[in-house]
Amino acid sequence: MDFFKGRVAIVTGSSRGIGREIVLKLASLGCHVVVAAKSTTPQPTLPGTIFTVADEARKLGVRALPVKVDIRNDAEVDNMVDATVKEFGRVDFLICNSGALWWKNVDATPMSKYDLVQGVNARGTFACVAACLPHMRRQNFGRVVVMSPPVDSRLLKGHVAYCISKFGMTMIAEGVAKETEGTGISANALWPATLIESFATRNFQMGETDNWRKADIIADATVMILQDDSKDVRGKALIDEEYLYSRGVTDLKKYRYNPDVEPKKAWPPEDEDIAKSRGGAGVPPGVMSKL
């Protein structure tokens, strides 16, 4: 696909799972990729590193740069972007997929956990976007996609700290779209309608496997959003299946984890589901920590 050939994407949290799928999808379309994450050594429950994913991308015929980054560290974020520009001369796409998880009531949330989700989700995303925007402005082109949900107060019960951080990411996308209006830059938030199969959903035992979809659906939606400059999409928080439907993709069976079962929706949230403990079908989906 000519739109992606020769362009450059930074994907955070891309050593496995959703981020890895996005990297490989972009690489298959001719986009050079920066594999940005913390993992440099595989772990028993978290296989995959920035180096293994970069190797996979290179086999698809593109250049790949693995960069170790903790997006809570400003110097490491600046180094990630500087290394990208030094290697490729540009930054076209930023996909903010790194995420941290904490689902507890307010009085069961230590400030260390509050700081974790804020630092990774809202602040880390802000830092990555802020570091990339000057380069996108010089090019008069850029796309930002952050993995966060539409703002919805039904998610709050039992997830206040997490929601503050995730809704903050969504506000970053909307704000950037407004601040760059009239340029070739845009931003969106993206969130899955169902739980997504990954090492995170496995390790955290998030629901039944029949209720999962494969990470390919997020990768495919991301690729479509990056190409979409229509006004009705700009700055919006999008749900994967709704967006795909709106763009003519109506058969989603290929994304089922269990090919014989259509997964239950976890979005939109329902009040009685949001109160469930970890593992319920209604638990809000998304990326996890330890990326």
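Residues numbered from 1 in each chain as written. Predicted model: local features only at pLDDT ≥ 70, side-chain atom pairs only at ≥ 80, totals over all residues. Heavy atoms only, no water.

Chemist: Teacher, can you tell me more about the pairing of strand β4 (residues 93–96) here?
Modeler: Note on strand geometry: in a regular strand, side chains alternate between the two faces of the sheet. In β4, alternate side chains face the same way, and those of Phe93 and Ile95 on one face and Leu94 and Cys96 on the other are all buried. Looking at chain direction, strand β1 (residues 8–12) and β4 are connected through three bridges and run parallel. Bridge assignment links Ile10 to a residue of β4, and that residue is Leu94. Of the pairings in the sheet, the one linking β4 to strand β5 (residues 142–147) comprises four bridges and is parallel in character. Its bridge partner lying in β5, Leu94 is registered against Val144. For the handedness criterion, the β-α-β arrangement of β4, helix α4 (residues 111–139) and β5 is classed as right-handed. (Buried < 20%, exposed > 50% of the residue type's maximum accessible area, 1.4 Å probe, protein only. Helix = DSSP H or I, 4+ residues; strand = E, 2+ residues; numbered from the N terminus. Pairing = 2+ DSSP bridges. Right-handed = clockwise from strand over helix to strand, strands pointing away.)

Chemist: Just checking my understanding: could you explain the pattern of salt bridges for this structure?
Modeler: Per the stated rule, a full pass over the model turns up 18 salt bridges. Of the charged contacts in the structure, one is a salt bridge between Glu174 and Lys178, with a shortest N-O distance of 4.0 Å. One end of the pair, Glu174, and the other, Lys178, are both in helix α5 (residues 160–179), four residues apart, so they sit about a helical turn from each other. Looking at Glu174, the relative accessible area reads 39%, which means it is partly exposed. The shortest N-O distance in the salt bridge between Asp228 and Arg247 comes to 2.9 Å. (Salt bridge = Lys/Arg side-chain N within 4 Å of Asp/Glu carboxyl O.)

Chemist: Quick question: what am I supposed to make of the environment of Ala187 here?
Modeler: Among the structural elements, Ala187 can be located in strand β6 (residues 185–191). You can call Ala187 buried: its relative accessible area is 0%. In the structure, Ala187 is positioned 58 residues away from Val129 in sequence and 9.8 Å away in space, judged by C-alpha atoms. Ignoring sequence-local partners within four residues, the contact set of Ala187 consists of Val144, Ala173, Val176, Ala177, Arg234, Gly235 and Lys236. (Contact = heavy atoms within 4.5 Å.)

Taken by themselves, the reported measurements are silent on function.
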